[in-house]
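Architecture and fold: a report
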Amino acid sequence: MNSKNDSLLEKLRALEAVFLQKLPGKCEEIIAALNDFAAHPDNKDALIVLHRHLHTMAGSAGTFGFSELGLQARAFESRIKPWLANPGWTTEEVQGLATELRHYFTHAVDGLKQAPDHESELMAELTPAEDALNETRLIYLVDEDEAQQEAITFQLEHFGYEVKRIPHLKDLALAIATRRPDVIVIELSFPEGKNAGVDEIKRIEQLQRLRIPTIFVSKNSSFESRLLAVRAKGDGYFTKPVDVVALTERIDTISQRDQSNGYRVLIIDDDVVTAKFYGAILRDAGMNVRLLNDPTQVLAVMTDFRPELLLLDVYMPVCSGVELSRLIRQDNSYVDVPIVFLSSEADVNKQLDAVKAGADDFITKPVPPEYLVSSLATRAERYRSLRALIMRDGLTGLLNHTAIKEQLEAEVLQAHRNGAPLALAMIDLDNFKKINDSYGHATGDQVLRTLARILRQRLRRTDIVGRYGGEEFAVIFPDTTASTARRVLDQVRLAFSKVSQHSEEVEFSVTFSAGVADMEKATDPDQLFDVADTAMYVSKQEGRNRITLA
Ligand SMILES: Nc1nc2c(ncn2[C@@H]2O[C@H](COP(=O)(O)OP(=O)(O)OP(=O)(O)O)[C@@H](O)[C@H]2O)c(=O)[nH]1
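Remember, predicted model here, so these are calculated numbers, not experimental data. (Residues numbered from 1 in each chain as written. Predicted model: local features only at pLDDT ≥ 70, side-chain atom pairs only at ≥ 80, totals over all residues. Heavy atoms only, no water.)

1. A short note on the packing of helix α12 (residues 298-305) against helix α13 (residues 321-329)
The N-to-C vectors of α12 and α13 enclose an angle of 50 degrees; their axes lie 11 Å apart at closest approach. As summarised for this structure, α12 and α13 are arranged oblique, according to the angle between their axes. Considering only the axes of α12 and α13, their crossing is right-handed. For the pair formed by α12 and α13, the contact residues are Val 298, Leu 299 and Met 302 on the first element and Leu 324, Leu 327 and Ile 328 on the second. Grouping the constituent residues of the contact of α12 with α13 by class yields six nonpolar, no polar and no charged. (Axes fitted to C-alpha atoms, helices over the stretch in contact; angles between N-to-C directions. Helix = DSSP H or I, 4+ residues; strand = E, 2+ residues; numbered from the N terminus. Parallel < 35°, antiparallel > 145°, perpendicular 65-115°, else oblique. Left-handed = near helix turned anticlockwise from the far one by under 90°. Contact = heavy atoms within 4.5 Å. Nonpolar A, V, L, I, M, F, W, Y, C, P; charged D, E, K, R; others polar.)

In structure tokens:
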């Protein structure tokens, strides 16, 4: 088992220890709830509390490996459940249940009291997972051809990649063993042999038992060479001189594929330890997890965290999971976010109630981690792709016109609420018609994609980038004044102007003009667009390739 899994195991063990430590208290809670109900058998609220405690125990005990305890709790739960719907229990029935339940849980407490205290260990261990999306991606460039290396390195570094050049094939294996790259770009042919690049990749894969996404480059465009690359499981094949923009696009796709999870999952459960347990499993699978124990905070957390999936408990003290999903679905922005119930509820009718309230799935606790991860990942992925189809521009992958306008409205509201600054930039490519006319529409499209990528890579993850129209882009900078936004965007302008675009054998560069405004100039979203757009036209009039502050 690798160290990543070891650390998950440690976290889960620590959580088990905390659960174990809290278990006697939970059993005592059940006994107290039972005593309360036995003393007031007409009090339905006391029965509800007892049911909730038993239900939580049924789910959590199984999760932490106390299956016997979980089964017993479920058996007791099933006995009192009919009483919830039909309050016709007799005193004898209550007394009978009380005796058995007290007996069972008192013994359970006695057996559990010796449990060690691991709480501090848990707190130290359970730090939120790092956001892997922010890491710089490392590319190994393995080629003797210095001119090619220079051109590719220059461009990739502009797109925010870290590039390490390896001119000699013999040095590749050691470099990989020392630091594993995200993608390898490698020449097919070396002095060692015509296809030595392919052979070395295969050898390293066998030796080190790891497969790193690999793109082959070669002067040779023959079918045989391409087939060799396919057989070495190559993820791409480019002929020299390499179209660096297209190569970068391929690298982007490959590295995005590798980080395709990172799904934002919000777990709402009043049982803190169980929530942390499942949270640790999902984090380990690369998901970005937020835990919420107080359901009344749900809307605020959703606005802030924008979950791509909600994992809900059915029974919570303030409101039920079913009520909570109805409440969430009342808001138009959340009609489509997947809601999955994770509960020990085995009653199919109750599960159907949840589905009617807008739930997408019902998973019964305890659940094997792989099943949980794969079923949540499938739903989150589907949600993500549907959202992308609705909100994204097909050519650039950026937010489309409608989506960026909606985002600006939301961000302006938020800025008003927080009294925070907010800047908007409008960006327009310079002389773009000429590019289309000279090199063709396909090359024009490639330029649009290049700018989109550079904006995404160079700006913060919190900045919101959209394609506003044909060759016009908009960027929302939350928590930022216009002058700061301008400074940041100016670096993007410079980097973009240095990117060499390709059209067949011709190389050229493109620039853009922009206008930046903040809420000092306009407080209404439409006005803000107008003011920034006017500033952009000033940049055009003053000679292009510049940024004007409104
Ligand atoms: N390739 C391509 N071109 C597009 C797309 N959308 C709009 N355009 C073109 O973008 C060009 C915009 O040209 P103009 O508005 O005249 O401006 P410009 O040539 O960029 O000149 P300035 O803005 O004054 O610097 C037009 O030729 C449009 O056809 C697209 O999706 N792909």
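Okay, back to it.
2. Some words on the sheet that holds strand β13 (residues 472-478)
Reading across from one edge, β12-β13-β11-β16-β17 is the order of the five strands in this open sheet, with mixed pairing throughout. A strand with exactly one partner marks an edge of an open sheet, and here the two such strands are β12 (464-467) and β17 (547-549). Each strand axis lies, on average, 20 degrees off the axis of its neighbour in the sheet, ignoring direction. Sheet analysis places β12 next to β13, joined by four bridges and oriented antiparallel. From the neighbouring strand, Gly 466 faces β13, where its bridge partner is Ala 474. (Pairing = 2+ DSSP bridges.)

3. Observations concerning the confidence of the model for the protein chain
Taken as a whole, the protein chain shows an average pLDDT of 84; of its residues, 93% reach a score of 70 or greater. Confidence scores differ between elements of the protein chain, with helix α5 (residues 119-125) showing the lowest mean pLDDT of 33 and strand β11 (residues 422-429) the highest of 98. Here residues 114-134 scores under 50 on pLDDT; set against residues more than four positions off or in separate chains, the count is 31 contacts. The ipTM assigned to the predicted complex is 0.93, against a pTM of 0.53. (pLDDT = per-residue confidence, 0-100.)

4. Looking at the side chain of Glu 200
Topologically, Glu 200 is positioned in helix α8 (residues 196-208). Ignoring sequence-local partners within four residues, the contact set of Glu 200 consists of Leu 169, Leu 172 and Ala 173.

5. Side note on the packing of aromatic side chains
On inspection of all chains with the given rule, the structure shows nine aromatic pairs. Arranged with centres 5.2 Å apart and planes meeting at 90 degrees, the rings of Tyr 104 and Phe 105 form a pair that is edge-to-face. In this structure, Tyr 104 and Phe 105 share a single accessibility class: buried. With centroids separated by 4.1 Å and ring planes inclined at 5 degrees, the aromatic side chains of Tyr 439 and Phe 508 adopt a geometry described as stacked. Of the two residues, Tyr 439 sits in helix α17 (residues 432-439) while Phe 508 sits in strand β15 (residues 506-508), which places them 69 residues apart along the sequence. We classify Tyr 439 as partly exposed; its relative accessible area is 28%. (Phe/Tyr/Trp six-rings, centres within 6.5 Å; stacked < 30°, edge-to-face > 60°. Buried < 20%, exposed > 50% of the residue type's maximum accessible area, 1.4 Å probe, protein only.)

6. Digging into the site of the ligand
In the vicinity of the ligand lie 16 residues, with Asn 431, Phe 432, Asp 445, Arg 467 and Arg 544 positioned nearest. Lys 433 places a main-chain nitrogen or oxygen 2.8 Å from an oxygen atom of the ligand. One of the side-chain N or O atoms of Arg 544 is found 2.7 Å from an oxygen atom in the ligand. Protein contact buries 67% of the 670 Å² of open area that the ligand shows by itself. Residue assignment for the shell around the ligand shows that the elements contributing at least two residues are β11, α17 and α18 (441-458). Considering every element that reaches the shell around the ligand, the biggest residue donor is α18, with four residues. Grouping the amino acids of the shell around the ligand by side-chain chemistry returns three nonpolar, five polar and eight charged. (Near = heavy atom within 4 Å. Polar contact = N/O pair within 3.5 Å; in protein donor to acceptor, adjacent residues only side chain to side chain. Areas by Shrake-Rupley, 256 points an atom, 1.4 Å probe, with all protein chains shown as cover.)

7. A word on a nonpolar patch on the surface
A surface patch of nonpolar side chains, about 340 Å² in accessible area, is lined by Leu 386, Leu 389 and Ile 390. Note that Ile 390 resides in helix α15 (residues 369-391). (Patch = residues over 30% accessible without salt bridge, like charges linked within 9 Å, V, L, I, M, F, W, Y side chains within 5 Å. Salt bridge = Lys/Arg side-chain N within 4 Å of Asp/Glu carboxyl O.)

8. Let's talk about the pairing of β11
Here β11 lies mainly inside the structure; eight of its eight residues are buried. The alternating pattern of β11 places Leu 422, Leu 424, Met 426 and Asp 428 on one face and Ala 423, Ala 425, Ile 427 and Leu 429 on the opposite face, and all of these are buried. The sheet contact formed by β11 and β13 spans seven bridges and is antiparallel. Following the sheet pairing, Leu 422 is matched in β13 by Pro 478. Where β11 lies against strand β16 (residues 512-518), seven bridges are found, and the strand directions are antiparallel. Across the sheet, residue Leu 424 finds its bridge partner in β16, namely Ala 517.

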